[in-house]
Amino acid sequence: MVSDEKIFLAIILSAIATFFCRSLGVIFSTKLNEDSWIFDWIKCISIGIIVAVISKIIFFPEGILKGTSNISRVLSTFSLIIIYYLIKKNILISVSLSTALFTFINYYNI
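Residues numbered from 1 in each chain as written. Predicted model: local features only at pLDDT ≥ 70, side-chain atom pairs only at ≥ 80, totals over all residues. Heavy atoms only, no water.

Engineer: Give me the lowdown on the pattern of salt bridges, citing residues and values where you can.
Structural biologist: A side chain with one charge may pair with a side chain of the opposite charge, provided their charged atoms come close. Taken as a whole, this structure holds 1 salt bridge when the rule is applied. Put simply, Glu62 and Lys56 hold a salt bridge, and the shortest N to O gap is 3.6 Å. (Salt bridge = Lys/Arg side-chain N within 4 Å of Asp/Glu carboxyl O.)

Next comes the structure, spelled out in structure tokens:
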């Protein structure tokens, strides 16, 4: 079993690493060009990671999502995207409505 001291040390070290990276970002932010290839590269990598994580959740769920159907997860995701663009890119409304659809589909086993 992991001792409390090791957990505390892990939290401290991860906080230091996070703040170190953020402070470097602040220091170098004035010297970077927002239209450079590095920003495009970072954006592409970030979007790729997000898509991979969401795809894994949708197609290979863990835990309680395993009990839901593939159709309900895919249909809710498509509805989220459609609602997002129909409601002028309002993320709160699109997430709320697609969550309600997902809940409805799974509650009534549609």
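The discussion continues.
Engineer: Hey, could you go over the layout of surface pockets for me, with residue numbers and the actual values?
Structural biologist: Over the atoms rolls a probe the size of a water molecule, and its path tells where empty space is left. Taken as a whole, the largest pocket encloses approximately 480 Å³ of empty space. If you go around the largest pocket, you meet 15 residues; those closest to its centre are Ile54, Ile58, Arg73, Thr77 and Leu80. Secondary structure elements with two or more residues in the lining of the largest pocket: helix H2 (37-59), helix H3 (70-86) and helix H4 (91-107). Counting residues per element, the lining of the largest pocket draws most heavily on H2, which supplies 6 residues. Per-class residue counts for the lining of the largest pocket are 9 nonpolar, 5 polar and 1 charged. (1 Å grid on protein atoms, 1.4 Å probe; cavity = no way out; pocket = protein on both sides within 12 Å on 5 of 7 lines; lining within 4 Å. Points joined across faces, edges and corners; volume = space filled by probe spheres on them. Helix = DSSP H or I, 4+ residues; strand = E, 2+ residues; numbered from the N terminus. Nonpolar A, V, L, I, M, F, W, Y, C, P; charged D, E, K, R; others polar.)

Engineer: I'd like a description of the packing of H3 against H4, backed by residues and values.
Structural biologist: Two elements in contact, H3 and H4, have axes separated by 8 Å at closest approach and are oriented at 155°. As far as their axial angle goes, H4 and H3 are roughly antiparallel. H4 is crossed by H3, and the crossing has right-handed handedness. Between H3, through Ser72, Arg73, Leu75, Ser76, Ser79, Leu80, Ile83 and Tyr84, and H4, the contact on the second element is made entirely by Ile91, Ser94, Val95, Leu97, Ser98, Leu101, Phe102, Ile105 and Asn106. Partitioned by chemical class, the residues of the contact of H3 with H4 number 10 nonpolar, 6 polar and 1 charged. (Axes fitted to C-alpha atoms, helices over the stretch in contact; angles between N-to-C directions. Parallel < 35°, antiparallel > 145°, perpendicular 65-115°, else oblique. Left-handed = near helix turned anticlockwise from the far one by under 90°. Contact = heavy atoms within 4.5 Å.)

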